[in-house]
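# Summary of structural features
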Amino acid sequence: PGIKVVSPDNEVKSPFDINVQFESRGGNKIDPASVKVIYLKSPNVDLTSRVKPGIKESGIDFSKAEAPPGEHQIKITVKDAEGRESSSVMTINVVKQ
């Protein structure tokens with residue numbers, strides 16, 4: 001499956017909206033239960049449960065996400081009904097208000 005980050009743009013102020021679209025390949029359905037959202041730091045932080053209300057087959061639509069100022073990398077992983085997996089890393093630069 002394809003993963004397309006619609007928003008946020010590279011620089012945002014907190015809180016911000018997250019909009020990610022999933023694109024099925026070969027007519028296979030996206031498995032929303034397979035979606036994982038991980039904050040890449042040491043150690044990694046699993047954000048999946050926090051954004052779960054916004055996860056759908058079509059993508060992630062989550063409003064009012066909050067993060068401290070700085071650069072943050074979020075890895076999104078998704079599988080289709082046949083178990084094929086894709087992942088994408090989005091970088092969010094949160095600027096001070």
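Data block above holds the structure.
Remember, predicted model here, so these are calculated numbers, not experimental data. Just so you know, the residues in each chain are numbered from 1, in the order the chain's sequence is written. Owing to the predicted nature of the model, reporting of local features is limited to residues with pLDDT of at least 70; listing and counting of side-chain atom pairs is limited to 80 or more, with chain, interface and lining totals taken over all residues. Hydrogens and water molecules were not included; the side-chain quantities draw on all heavy atoms of the structure.

### A word on the overall build of the protein chain
A tally of regular secondary structure across the protein chain gives 1 helix and 9 strands. Put simply, DSSP H or I for four residues or longer makes a helix, DSSP E for two residues or longer makes a strand, and each gets a number counted from the N terminus. Walking the protein chain from its N terminus toward its C terminus, one meets helices and strands in the order β-β-β-β-β-α-β-β-β-β. Note that the radius of gyration is over C-alpha atoms, with the globule rule given as 2.2 Å times the number of residues to the power 0.38. Taking 97 residues into account, the globule formula puts the C-alpha radius of gyration at 13 Å, and the protein chain, at 13 Å, falls close to it. Projected onto the principal axes, the alpha-carbon positions of the protein chain cover approximately 45 × 25 × 20 Å. Accessible area is worked out with a 1.4 Å probe on protein chains only. A residue is then buried under 20% of its type maximum, exposed over 50%, and partly exposed in between. Within the span of the protein chain, comprising 97 residues, buried residues form 37% of the whole. Contact definition: two residues touch when any of their heavy atoms are within 4.5 Å. Of all intrachain contacts in the protein chain linking residues separated by at least 6 positions in sequence, the fraction that spans at least 24 positions is 58%.

### Details of the side chain of Asp-80
Its location among the elements puts Asp-80 in strand 8 (residues 70-80). Residue contacts for Asp-80: discarding those within four places in its chain leaves Pro-1, Asn-28, Lys-29, Ile-30 and Asp-31.

### Some remarks on the sheet that holds strand 5 (residues 45-46)
Sheet strands pair by backbone hydrogen bonding; their relative direction is either parallel or antiparallel. Whether two strands pair comes down to DSSP finding at least two bridges between them. If you trace the 5 strands from one edge of the open sheet to the other, you get 2-9-8-4-5, paired in mixed fashion. Of all the strands in the sheet, the pair left with one neighbour each is strand 2 (11-13) and strand 5. As judged from the 10 bridges shared by strand 8 and strand 9 (residues 85-95), these two strands associate in the antiparallel manner. Of the residues in strand 9, the one forming a bridge with Gly-70 is Val-94.

### A word on the environment of Asn-44
Structurally, Asn-44 is set in the loop between strand 4 (30-39) and strand 5. Put simply, Asn-44 and Arg-84 are 40 residues apart on the chain and 23 Å apart in space, counted from C-alpha to C-alpha. Those residues within four positions of Asn-44 in sequence are excluded, and the remaining contacts are Ile-38 and Tyr-39.

### Examining the pattern of salt bridges
Basic side-chain nitrogens of Lys or Arg form a salt bridge, by our definition, when they fall within 4 Å of a carboxyl oxygen of Asp or Glu. In this structure the tally under the stated criterion is 4 salt bridges. A salt bridge links Arg-84 to Asp-80; the shortest N-O distance between them is 3.1 Å. Its salt-bridge partner being Arg-84, residue Glu-82 comes within 3.6 Å of it at the nearest N-O pair. Overlapping salt bridges bring together Asp-80, Glu-82 and Arg-84 as one network.

### Brief notes about the layout of surface pockets
If you add up the space inside the largest pocket, you get close to 350 Å³. Put simply, the parts of the chain that give the lining of the largest pocket at least two residues each are strand 3 (16-23), strand 4, helix 1 (48-51), strand 7 (59-65), strand 8 and strand 9. Cavities and pockets were defined on a 1 Å grid built over protein atoms only: a cavity is a set of grid points that admits a 1.4 Å probe from which the probe cannot escape, a pocket is an open set flanked by protein on both sides within 12 Å along at least five of seven lines, and lining residues are those with an atom within 4 Å of any such point. Grid points are joined across faces, edges and corners, and a volume is the space filled by probe spheres set on the points.

### What to know about the pairing of strand 9
Along any regular strand, the residues point their side chains to alternate faces of the sheet. Sheet topology places strand 2 next to strand 9; 3 bridges connect them, and they run parallel. Along strand 9, the bridge assignment pairs Lys-13 with Val-95. Count of turn residues in the strand 8/strand 9 antiparallel hairpin: 4 residues, of which Gly-83 carries a positive phi of about 85°.

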